[in-house]
Amino acid sequence: MTDDAPHHAPPTEDNPGGPAESRPAAPSRAVRPKHAASLILWREGPAGPEVLMGLRHARHRFMPNVLVFPGGRVDRADHRALALSELPEFTRACLERQAPPSLARALGIAAARELHEETGLVLGRMEGHRLLPELAAIEYLCRAVTPPNRVARFNARFLIASGAAAHGPLRGSGELEALRYFTFEEAFAHKIASITAKVLAEFRAWLGLTPAEREARTLICFQGMDNRLAER
């Protein structure tokens, strides 16, 4: 297989809010959180706002069919990836509250890359098989850190983009199934992790704010057992 050939990795468990974060770690094992990003891609539907989500693969032995946002951990290559545009100033400032500039940008790259890998949608432009993300389309919502007694831990940033900014056919990669836009009511009625429910509630509140109110709001980080705390 050449470097330019498309390929699909087997299903992984690196979606923030996914089932791996629910498994307890061995008492003697200290697990360091991995930096990760999820993208909340949304649109206005007939019954109100809708969010793109998918089901964790049914073959996972633990908590299959859990509904999550597209997302995953930051790869080393995300730090040096090219982009069509850079993050908006406010988005970058929010990310840099808890990340150096190179990581803040890599989180935006990871969000767009994971969206493409897991859903086929392109936030930006493709050059061959390489994605050039439109980072200017990304806004910031909140952060969440998995409790320390879990086998998989993520320091996850939840980012936002309008569905109108993405293009291409919606298709699964094997990581997420039954991909579609869900209303809030549909998502809350499904099997979702508690942190996913809290992030959805946070996003629902964000939608009701004006642009000025969004920039003036207190930034939130969920820590421990989903404790909602003001970001430092």
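This report concerns the structure included in the present document. (Residues numbered from 1 in each chain as written. Predicted model: local features only at pLDDT ≥ 70, side-chain atom pairs only at ≥ 80, totals over all residues. Heavy atoms only, no water.)

Considerations on the packing of aromatic side chains
Summed over the entire model, instances satisfying the criterion amount to four aromatic pairs. With 6.1 Å between their ring centres and 65 degrees between their planes, Trp 42 and Phe 203 make a pair best called edge-to-face. In this pair, Trp 42 sits in strand 1 (residues 34-45) while Phe 203 sits in helix 4 (residues 194-207), placing the two residues 161 residues apart along the sequence. Like Phe 203, Trp 42 is buried. Aromatic side chains Phe 203 and Trp 206 sit 5.8 Å apart centroid to centroid with 20 degrees between the ring planes, which places their arrangement in the stacked category. Here Phe 203 pairs with Trp 206, and both are found in helix 4, just three residues apart, close to one helical turn. Take Phe 203: its relative accessible area is 0%, and that puts it in the buried class. (Phe/Tyr/Trp six-rings, centres within 6.5 Å; stacked < 30°, edge-to-face > 60°. Helix = DSSP H or I, 4+ residues; strand = E, 2+ residues; numbered from the N terminus. Buried < 20%, exposed > 50% of the residue type's maximum accessible area, 1.4 Å probe, protein only.)

Thoughts on the pairing of strand 2 (residues 48-56)
Strand residues, when the strand is regular, have side chains that alternate between the two faces of the sheet. By the criterion of burial, strand 2 is predominantly enclosed, with eight of the nine residues buried. Alignment of strand 1 against strand 2, held across four bridges, turns out to be antiparallel. Its bridge partner lying in strand 2, Trp 42 is registered against Val 51. Connecting strand 1 to the antiparallel partner strand 2 that follows it, the hairpin turn spans two residues. Examined bridge by bridge, strand 2 and strand 9 (residues 176-183) share six bridges and lie antiparallel to one another. Within strand 9, the residue paired with Met 53 across the bridge is Arg 180. In the sheet, strand 2 pairs with strand 3 (residues 67-68) via two bridges, with the strands oriented antiparallel. Residue pairing for strand 3: Gly 54 is matched across the bridge by Val 68. (Pairing = 2+ DSSP bridges.)

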